[in-house]
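# Structural description and commentary
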Amino acid sequence: MHLDRSYLLPTVFAALVHLIVLLVVSGAWIGQLRPEPERPRHIQATMVDINQLANQSAAQQQAEQEQLVKQQAERD
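For clarity, every value in this text was computed on a predicted model and none was experimentally measured.

Before going further, it helps to examine the overall build of the chain. Each helix and strand counted, the chain has two helices and zero strands in total. Taking all 76 residues of the chain together, the buried fraction comes to 0%. For the chain, the computed accessible surface area is about 8,600 Å², with 60% contributed by carbon and sulfur atoms.

Turning to a nonpolar patch on the surface, a few remarks are in order. Nonpolar side chains collect at one region of the surface, where Leu8, Val12, Leu16, Leu19, Leu22 and Leu23 lie side by side and expose about 560 Å² of accessible area between them. Mapped onto the elements, leucine 16 comes out in helix 1 (residues 8–31).

What counts and how
Residues numbered from 1 in each chain as written. Predicted model: local features only at pLDDT ≥ 70, side-chain atom pairs only at ≥ 80, totals over all residues. Heavy atoms only, no water. Helix = DSSP H or I, 4+ residues; strand = E, 2+ residues; numbered from the N terminus. Buried < 20%, exposed > 50% of the residue type's maximum accessible area, 1.4 Å probe, protein only. Areas by Shrake-Rupley, 256 points an atom, 1.4 Å probe, with all protein chains shown as cover. Patch = residues over 30% accessible without salt bridge, like charges linked within 9 Å, V, L, I, M, F, W, Y side chains within 5 Å. Salt bridge = Lys/Arg side-chain N within 4 Å of Asp/Glu carboxyl O.

So this is what it looks like as structure tokens:
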């Protein structure tokens, strides 16, 4: 089997074109990889009871009022 030299250059050129197209397409596929979704960081939470918070604030206001009454009594 004897290769005809007239087909050698077009065959090499076609192979190179196919290789370049394959590289371009594979590069586009590789560039479209989906990034992994970010995982949320762990947080430290504290339970808060609204009723207890309201009672503390009421107690604090009452203590402030008693202190004002004492200060006014000392002034008089």
